[in-house]
Amino acid sequence: IGYLQVPGFDPGTASQVLAAVTDLEKTATLRGLILDLGGGGGSPLEVTQLLGAFEHGTAYEYDCTVTGQCTADYPDASTPLLHLPLAVLVSRDCVSACDEFSGAVKDLHLGTLIGARTAGIVAGHPTGWVLDDGSVLGLPATHHLGADHELINGIGVAPDYYIPVTALDLATDRDPDIAKALAVLKA
């Protein structure tokens, strides 16, 4: 079982994750993959590319106007599929692009979410509005909906297995999320 920490979805993250999987496959036959999402936000393009390693052709999110017109976003079909069972570790620190990725994994049944509900801080893509004094106010012109047309902003994504970290876990250096991921992936 491969284990990768993904601290955020900054530019280049998806390529780094896919390269790390390729490196792991050089030394072992992978039977599953654990992605430990550290919670940072980042670029929707990274989410699109990384999701492309698990799904092609199904919308994973929608950007919708106040009038209800929605534009679908799809995983990157040029990214080769990994064909690996997936477990994703999430927490309340998971925001923005992390919320998007987690919601897609859950809605599209790409893997199992383990940990705590994500933060639910994912709005639409911001647009700059120039004010009379020359300053710019960034507001989203659209709002984000998940693959099942559900609102994630302000709510978050619930894990399939809620496993809060306890004081005993911290004191004894145990990670029940990883243990559950290994059990789910039958390591």
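Scroll up a little and you will see the structure.
What this report covers is the structure whose coordinates are included nearby.

Scoring rules and cut-offs
Residues numbered from 1 in each chain as written. Predicted model: local features only at pLDDT ≥ 70, side-chain atom pairs only at ≥ 80, totals over all residues. Heavy atoms only, no water. Helix = DSSP H or I, 4+ residues; strand = E, 2+ residues; numbered from the N terminus. Buried < 20%, exposed > 50% of the residue type's maximum accessible area, 1.4 Å probe, protein only. Lys, Arg positive; Asp, Glu negative; His and termini not counted. Salt bridge = Lys/Arg side-chain N within 4 Å of Asp/Glu carboxyl O. Polar contact = N/O pair within 3.5 Å; in protein donor to acceptor, adjacent residues only side chain to side chain. Contact = heavy atoms within 4.5 Å. Pairing = 2+ DSSP bridges. Axes fitted to C-alpha atoms, helices over the stretch in contact; angles between N-to-C directions.

1. Examining the side chain of Glu-55
Point 1. With respect to the secondary-structure elements, Glu-55 resides in the loop between helix H2 (44-51) and strand S3 (61-64).
Point 2. Lacking a salt bridge, the buried Glu-55 has Lys-106 as its closest oppositely charged neighbour, with an N-O distance of 17 Å.
Point 3. Within the structure, Glu-55 has its side chain in polar contact with the side chain of Thr-58 (distance 2.8 Å).
Point 4. Beyond its immediate stretch of four places on either side in the chain, Glu-55 contacts Pro-75, Leu-81, Leu-108 and Leu-110.

2. A word on the sheet that holds strand S4 (residues 70-73)
Point 1. Spatial strand order, S4-S3-S9: three strands in an open sheet with antiparallel pairing. Every other strand in the sheet has two partners, leaving S4 and strand S9 (143-146) as the edge strands with one partner each. Shown here is a sheet whose adjacent strand axes are inclined to one another by a mean of 30 degrees, direction ignored.
Point 2. With four bridges joining them, S3 and S4 adopt antiparallel strand pairing. Looking at the pairing, Tyr-62 lines up with Ala-72 of S4.

3. Focus on the sheet that holds strand S10 (residues 161-162)
Point 1. If you walk across this open sheet you meet the five strands as S1-S2-S5-S6-S10, and the pairing is parallel. Whereas interior strands pair on both sides, the edge strands pair on one side only; in this sheet they are strand S1 (2-6) and S10.
Point 2. Pairing between strand S2 (residues 33-37) and strand S5 (residues 86-90): four bridges, direction parallel. Note that in S5 the partner of Leu-35 across the bridge is Val-88.
Point 3. Sitting on the sheet, helix H1 (residues 13-27) is in contact with S1 and S2, with an inclination near 160 degrees to S1.

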